[in-house]
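Now for the letters of each chain:
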Amino acid sequence: MTRLRTSAGIIAFLLISLNTIAQTSDSLIMRQMSEVGVRFTHDNDVKLLMSGKEKFADLFEAIRQAKSSIHLEYFNFRNDSIAGLLFDILREKRKEGVEVRAAFDGFGNDSNNQPLKKSHLSKLHADSIDILEFDPIRFPWVNHIWPRDHRKIVVIDGEIGYTGGMNVADYYLVGTEQVGEWRDMHCRIEGPAVNELQRIFARFWKKLAKEELNDPKYYNAKPAGHKTVGIATREPNVTNKIMRQFYIKALDGAKDSVKIVNPYFVPTPSVMKALKRCVERGVKVDIIMSSKYDVPLVPDVVYYNLRKLMKRGAHIWRYRPGFHHSKIMMVDGRYCTVGSTNLDARSLRFDFEINAIIIDKGVTRQLEDKFIEDTKNCDYLSEEEYQKSRTAWKRFRGWFGHLLTPWL
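For every chain, the first residue of its written sequence is number 1, and the numbers climb from 1 along that sequence. Local features in this predicted model are restricted to residues of pLDDT 70 or higher, and side-chain atom pairs are both shown and tallied only at a pLDDT of 80 or more, whereas totals for entire chains, interfaces and linings draw on every residue. Hydrogens and water molecules were not included; the side-chain quantities draw on all heavy atoms of the structure.

**Overview of the nonpolar core**
Convention followed: Residues belong to one nonpolar core when they are buried, are Ala, Val, Leu, Ile, Met, Phe, Trp, Tyr or Cys, and are joined through side-chain atoms within 4.5 Å. Burial here depends on accessible area, computed with a 1.4 Å probe over protein chains only, as a share of the maximum for the residue type. Under 20% is buried, over 50% is exposed, and the range in between is partly exposed. Every residue pair with non-hydrogen atoms within 4.5 Å of one another is taken to be in contact.
With 86 residues, the main nonpolar core has L72 and F77 as its most contacted residues. Apart from residues no more than four positions distant in its own chain, F77 is found in contact with L72, L86, F87, A102, A103, F104, N109, L116 and V168. Of all hydrophobic cores here, the second largest spans 29 residues; its members include I200, V229, I288 and F371.

Structure, rendered in structure tokens:
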């Protein structure tokens, strides 16, 4: 009996020790990111939106319930049926007296195949919707090389916030002929973290409209749950390194497992080195890549980078149904991130970006479960499969393309 009690005590001690180590990992990433300007707040609720259908259904219903203000910041609003429905709802809210402010990126608009045109904007302005374009592309057409506003933010009544990887476009619902299914993820946040989303939008709006959004009514977020959330935003000349710092600190601090989905897997050298260190340390690293891409040359560089990690022991999965555009990462089953940041130089070094860092095992578990579910629709990339699918020419393009990593 004494021996059994001793064994039980040892097991209990080990479990407590392991839990303490994991909690220390949580505290470490919070402390490290707090030191570089990320504000973590508690008492938040987070709802994961795992598809375009979920995101737009939830978002449009919340907008319909708005009483005071609706603020939107997107890389682009594609001129299609889903954006048309959004603008119709916004027109109705303006008739009810709700303030509506919206911003989009000039390059993001002009580079999509169904852009908003001046006539569309004139109609929106006529309906009292304040919609502004960041850095419109003008002759000689080089003003918008960088930076671009790649963030996705919505704040409703200062109480409900949304961020993630999705713009406003039909293809999040129906896919495209070029890549097939277009998968992405978003999240809805309630609680004090929404005030930070609002502050980020307000700074950008002041830049565009020269209008201050200081009224307390815009910062109404109340405690809504028990989740810890930090909002990391990359702003050129202000927080240039913050996204690189997050990925490097998270990867270097990982103890057990890392799961990543990111479409343009062309990391900067410092992030790539952190990934290699993570794998070589024995951390189980799983990465989902896409089987189809919307940008030439990028898939060759993605294969080149992922094979380097694969040879070190990382597990690579190719998503068969099409393009997995999500930007998510889960670390040790303890915390995760959902946001707009691609693992490429443009996102990590130049553009406006935003990610929610969610310190919560429950939310992280939901993302991990979805990741595991997605691997059932993936092909596992073994060395044999790599050799079979990558011709010498494709491998050369990958090698050549990786030399352009600082600019991709």
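**A closer look at the pattern of salt bridges**
Think of it this way: side chains of opposite charge can pair up when their charged atoms draw near. As a reminder of what qualifies: Whenever Lys or Arg places a side-chain nitrogen within 4 Å of a carboxyl oxygen from Asp or Glu, that contact is recorded as a salt bridge. Put simply, DSSP H or I for four residues or longer makes a helix, DSSP E for two residues or longer makes a strand, and each gets a number counted from the N terminus.
Evaluation of the coordinates by the stated rule reveals 36 salt bridges. In this structure, the salt-bridge partner of E196 is R39, at a minimum N-O distance of 3.5 Å. With E196 in helix 7 (residues 193-209) and R39 in strand 1 (residues 39-49), this pair connects stretches of sequence that are 157 residues apart. In this structure R39 comes out as partly exposed when scored by relative accessible area, which is 45%.

**Considerations on the packing of helix 2 (residues 52-64) against helix 3 (residues 81-95)**
Quick note on the threshold: For helices, the fitted line uses only the C-alpha atoms of the stretch in contact; every axis is such a line through C-alpha atoms, and the angle between N-to-C directions lies from 0 to 180 degrees. Roughly parallel means an angle under 35 degrees; roughly antiparallel, over 145; roughly perpendicular, 65 to 115; everything else is oblique. For any pair of crossing helices, the crossing counts as left-handed if the nearer helix is rotated counterclockwise from the farther one by less than a right angle, and right-handed if it is rotated clockwise. Under the scheme applied, nonpolar residues are Ala, Val, Leu, Ile, Met, Phe, Trp, Tyr, Cys and Pro; charged residues are Asp, Glu, Lys and Arg; polar residues are all the others, including Gly.
Taken N-terminus to C-terminus, the directions of helix 2 and helix 3 make an angle of 15 degrees; their axes are 10 Å apart at the nearest point. In terms of axis orientation, helix 2 runs roughly parallel to helix 3. Considering how the two elements wind past one another, helix 2 and helix 3 form a crossing that is left-handed. Residue-level inspection shows F56, F60, I63 and R64 of helix 2 in contact with helix 3, the latter providing I82, L85, L86, I89, L90 and K93. The residue inventory of the contact of helix 2 with helix 3, partitioned by class, reads eight nonpolar, no polar and two charged.

**Comments concerning unusual backbone geometry**
Phi at N237 takes a positive value of approximately 70 degrees, unusual for a residue other than glycine. Overall, the relative accessible area of 73% leaves N237 in the exposed class.

**Structural notes on the state of the cysteines**
The cut-off we apply is this: Defined by distance alone, a disulfide is two cysteine sulfur atoms within 2.5 Å.
Per the counting criterion, the structure on display carries zero disulfides. The thiol of C278 is unpaired, and the distance to the nearest cysteine sulfur, on C336, comes to 16 Å. Taking relative accessible area as the criterion, C278 reaches 0% and is therefore assigned buried. With no disulfide of its own, C378 lies 19 Å from the sulfur of C336, the closest cysteine sulfur.

**What to know about a nonpolar patch on the surface**
Short version of the rule: Here, patches come from residues exposed beyond 30% relative accessible area and free of salt bridges, joined within 9 Å for like charges and within 5 Å for nonpolar side chains (Val, Leu, Ile, Met, Phe, Trp, Tyr). Note on areas: these come from Shrake-Rupley sampling with a 1.4 Å probe, and a residue is covered only by the protein chains present in the view.
A contiguous nonpolar surface patch, about 610 Å² in accessible area, is contributed by W393, F396, W399, F400, L403 and L404. Note on placement: W393 falls in helix 14 (residues 392-402).

**Structural notes on the packing of helix 9 (residues 269-280) against helix 10 (residues 298-312)**
At a minimum axis distance of 9 Å, the contact between helix 9 and helix 10 shows a crossing angle of 20 degrees. Comparing their axes, helix 10 and helix 9 come out roughly parallel. Note on packing geometry: the crossing formed by helix 9 with helix 10 is right-handed. Across the interface between the two elements, M272, L275, K276, V279 and E280 from helix 9 touch N305, K308, L309 and R312 from helix 10. Grouping the amino acids of the contact of helix 9 with helix 10 by side-chain chemistry returns four nonpolar, one polar and four charged.

**Quick look at the environment of M289**
Tracing the backbone shows M289 in strand 11 (residues 284-290). What makes M289 buried here is its relative accessible area of 2%.

**A word on helix 3**
What counts, and what does not: Each residue after the first adds 1.5 Å to the expected span of a helix. The arc in question is the one spanned by the directions pointing from the helix axis to the C-beta atoms. Polar contacts, as used here, are pairs of N or O atoms within 3.5 Å; protein pairs need one atom able to donate a hydrogen and one able to accept it. Residues neighboring in sequence count only if both atoms are side-chain atoms.
Counted at 1.5 Å a residue, the expected span for helix 3 with its 15 residues is 21 Å, and the 21 Å between its end C-alpha atoms agrees. Inspection of helix 3 places I82, A83, L86, F87, I89, L90 and K93 among the buried residues, and these make up the whole buried set. Taken around the axis of helix 3, the buried residues stretch over an arc of 160 degrees, which confines them to a single face. Across from the buried face of helix 3, at angles greater than 90 degrees, the exposed residues are S81 and K95. Along its buried surface, helix 3 packs onto helix 2, strand 2 (69-74), strand 3 (99-105), helix 5 (118-126), strand 4 (130-134) and helix 6 (171-174). Two to three positions downstream of the cap, the backbone nitrogen of I82 sits 3.3 Å from a side-chain oxygen, assigning the N-cap of helix 3 to D80. With its phi angle positive at about 95 degrees, G97 sits one or two positions after the end of helix 3.

Coordinates in, geometry out; function isn't part of it.
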